[in-house]
Amino acid sequence: MGRWPIPDPIDEAYLLQAYREGVWGRYPGGFVETLEKEFAKYHDAKYAVAVTSGTTALMLSYLALDLPPQTKFVTPAYTFIATATAGIVLGLIPVFVDIDFETLTIDVNHLAEVLEKDKENSIKLIVPVHFAGNPADMDKVLSLARKHGAYVVEDAAQAHGVSYKGRKVGAIGDTGIFSFQSGKMMTAGEGGMVLTNSFELYEKIWSYHHAGRAIGGEWYEHIRVGLNFRMTELQAAVILAQLRRFDKMLAKIKRNAKIIYDELGNNPHIHLHKPPSYGETNYYFIPISLNDELLAKGGKKKLAQIMNEKGFRIIEGYMKPLYKQKAFEEKRWKLPYEEYQKLYLKATEEACNRTMWIPHYELIYDDDYTIRYAKTLSNSIKEMLGK
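Residues numbered from 1 in each chain as written. Predicted model: local features only at pLDDT ≥ 70, side-chain atom pairs only at ≥ 80, totals over all residues. Heavy atoms only, no water.

(A) How the structure looks around the overall build of the protein. Secondary structure summary: the protein contains 14 helices and 13 strands in total. Against the 2.2 N^0.38 benchmark of 21 Å for 387 residues, the protein shows a C-alpha radius of gyration of 21 Å, consistent with a compact globule. Dimensions of the protein along its principal axes, counting C-alpha atoms only, are 70 × 55 × 40 Å. Sorting the 387 residues of the protein into buried and exposed places 56% on the buried side. Across the protein, the fraction of contacts at a sequence separation of at least 24, relative to all contacts at a separation of at least 6, is 70%. Entry remark: accessible area of the protein is about 17,000 Å², with carbon and sulfur atoms responsible for 52%. The positive charge centre, built from 48 side chains, and the negative charge centre, built from 47, are 2 Å apart in the protein. (Helix = DSSP H or I, 4+ residues; strand = E, 2+ residues; numbered from the N terminus. Rg over C-alpha atoms; globule rule 2.2 N^0.38 Å. Buried < 20%, exposed > 50% of the residue type's maximum accessible area, 1.4 Å probe, protein only. Contact = heavy atoms within 4.5 Å. Areas by Shrake-Rupley, 256 points an atom, 1.4 Å probe, with all protein chains shown as cover. Lys, Arg positive; Asp, Glu negative; His and termini not counted. Charge placed at Lys NZ, Arg CZ, Asp CG, Glu CD.)

So this is what it looks like as C-alpha cells:
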C-alpha cells in the first residue's frame, strides 16, 4: 500500500542540521527564509511567507485585503472546508459556485452568472481552487474578477509545481496559498505558504503572521494587531529538502499517471477525469467517477474498502457539497444557512456522489507497482459487479 510521507535520508540530514543549530524558531538567514526565497522562485513569485498551515495562509491572505465584515466571497462548493472557514472566521460570507465536472475546478460560466446577479456589488473576493492539481482557468477568473472589482486568492493547497499556460500557479492572482499538511506532495506534517507579487500585500501578511511586527522592526514594536503563525526552522528544513528534489518525484508521478490512463482509460464502468489542456497538473489526485451500476453495488465506500483489503489506497472523496455542511448552521457566524440548504449545484452533487481520488502517493513507485495498482482496481470493480 502506498505510504506517505516516506522518510528520506536527505530530509533527515536537513532536519538534523536545523536541530543541531539550536535555533528552532524563525530567524534571519535560517531555513524558513531560505525556503521562502526558493519556493517563491520555483513558483514564479516575488514574495513568500511561510506559515503554520494552508488554512492560516488563506486567513492571512483574506485578512490582508482589508475586506469589511459581511463582505461576500466566492468559493467552489467542491473543496476542503478551510477555503470557506478561513473567511468565515473573519466575518466574511461565502457564496458557493459550481465546478466543471471534468476538471473539478471552478465553473467560470456559473461564476459569471453569480457575479452578474450581484447587483449590489457585495462580492469582493473570488477564490479559485486548483483542485487535485488541476489549474483553474485563471484568465477567465481574473477577467471576471477585475470587471467586478474583486480580488483573487488562489487556493493552491494541492497544486505544488502546477502550471497554467506556462506559468506556475500561486502568484497569478493577488495572492496564492499552498499547504504542507501531511498528505501534501511536500510536507512537514503541517505548514503553509502564501505567495504574492504585491509588496503591499506581502508586508501586511508578513506582519500579521509575526504578531504585528514590522519587517526589520524591533521585537517589541507592533504596528498591527497580529498573531503568531510562524513556521518553525525544523518544519522549513524538511520542506526545503523536498522542494530541492521535487521535480524528480513529479516526473515519476507523471510517468505513472500515464500508465493509469493507458490501463484504465477504456474501462466502461469508470470515467477517468482528464486534466485541462491549458495547464500542467501534478496529479495530486487522479479523479475517477463511478457509473450507475457501481453506485448500485455499494459505490465509493465499497470500492475503497475492497482496494484497501487488497493493499492499495483509493480515497472516497467528498461525500457532500460544502453548502450542506452543518458547521454553517452555527448562529455566531450569521451565515445564510437556510439559503445554502436550497442550493443544488449539479456538477458538485454528481462529483460528491460518484468521484473518487487515486492519490499521488500511489504513483511514486516503479512501473510494475503502478500496473499492479491499475489491474487491482480493475479486478476490484469486477468483484463489485460479481463478474
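(B) Inspection of the packing of helix 9 (residues 246-264) against helix 14 (residues 367-385) at higher detail. At a minimum axis distance of 9 Å, the contact between helix 9 and helix 14 shows a crossing angle of 35 degrees. Of the two elements, helix 9 crosses helix 14, and the hand of that crossing is right-handed. Every residue of helix 14 that contacts helix 9 at N256, I259, I260, E263 and L264 is listed here: D367, T370, I371, Y373, A374, K375, L377 and S378. The residue inventory of the contact of helix 9 with helix 14, partitioned by class, reads seven nonpolar, three polar and three charged. (Axes fitted to C-alpha atoms, helices over the stretch in contact; angles between N-to-C directions. Left-handed = near helix turned anticlockwise from the far one by under 90°. Nonpolar A, V, L, I, M, F, W, Y, C, P; charged D, E, K, R; others polar.)

(C) Representation of the side chain of T187 within the structure. One can find T187 in the loop between strand 8 (175-179) and strand 9 (192-196). At 2.9 Å, the side chain of T187 forms a polar contact with the backbone oxygen of Q181. If we skip the residues at most four places from it in the chain, T187 touches W4, P5, F180, Q181, S182, V238, I239 and Q242. (Polar contact = N/O pair within 3.5 Å; in protein donor to acceptor, adjacent residues only side chain to side chain.)

(D) The pattern of salt bridges, seen in detail. Scanning the entire structure with this criterion turns up 20 salt bridges. Close ionic contact of K375 with E263 constitutes a salt bridge, the shortest N to O distance being 3.8 Å. Here K375 is found in helix 14, whereas its partner E263 is found in helix 9, with 112 residues between them in sequence. Judged by its relative accessible area of 45%, K375 falls in the partly exposed class. The exposure class assigned to E263 is partly exposed, which follows from its relative accessible area of 37%. Across the pair R354 and D292 runs a salt bridge, and its minimum N-O distance is 2.5 Å. (Salt bridge = Lys/Arg side-chain N within 4 Å of Asp/Glu carboxyl O.)

(E) Layout of the sheet that holds strand 11 (residues 279-280). Pairing is antiparallel in the open sheet, where three strands are placed in the order 7-6-11. Among the strands making up the open sheet, the edge pair consists of strand 7 (167-168) and strand 11. Both strand 6 (residues 163-164) and strand 11 contribute to a ladder of two bridges, which runs antiparallel. Its bridge partner lying in strand 11, Y164 is registered against G279. (Pairing = 2+ DSSP bridges.)

(F) View of helix 3 (residues 54-64). Counting buried positions over the 11 residues of helix 3 gives nine, a clear majority of the element. The complete set of buried residues in helix 3 reads G54, T56, A57, L58, M59, L60, S61, Y62 and A64. The opening residue of helix 3, the one whose side-chain oxygen lies 3.3 Å from the backbone nitrogen of T55, is S53. Remark: D66 follows helix 3 within two positions and exhibits a positive phi of approximately 55 degrees.

(G) Spatial organisation of the pairing of strand 1 (residues 47-51). Counting buried positions along strand 1 gives four out of five residues, so the element sits mostly inside the fold. Of the pairings in the sheet, the one linking strand 1 to strand 9 comprises five bridges and is antiparallel in character. Pairing of Y47 across the sheet is with T196, part of strand 9.

(H) Layout of the sheet that holds strand 12 (residues 285-290). Strand order across the open sheet formed by three strands is 10-12-13, with antiparallel pairing between neighbours. Each of the sheet's edge strands pairs with one partner strand only, and the pair in question is strand 10 (270-272) and strand 13 (355-359). On average, each strand axis in the sheet is inclined to that of its neighbour by 30 degrees, with strand direction left out of account. As defined by bridge partners, strand 10 adjoins strand 12 across three bridges and the pair is classed as antiparallel. Looking across to strand 12, one finds that L272 is bridged to I288. Contacts from helix 13 (residues 346-354) reach strand 12 and strand 13, with the element oriented near 60 degrees to strand 13.

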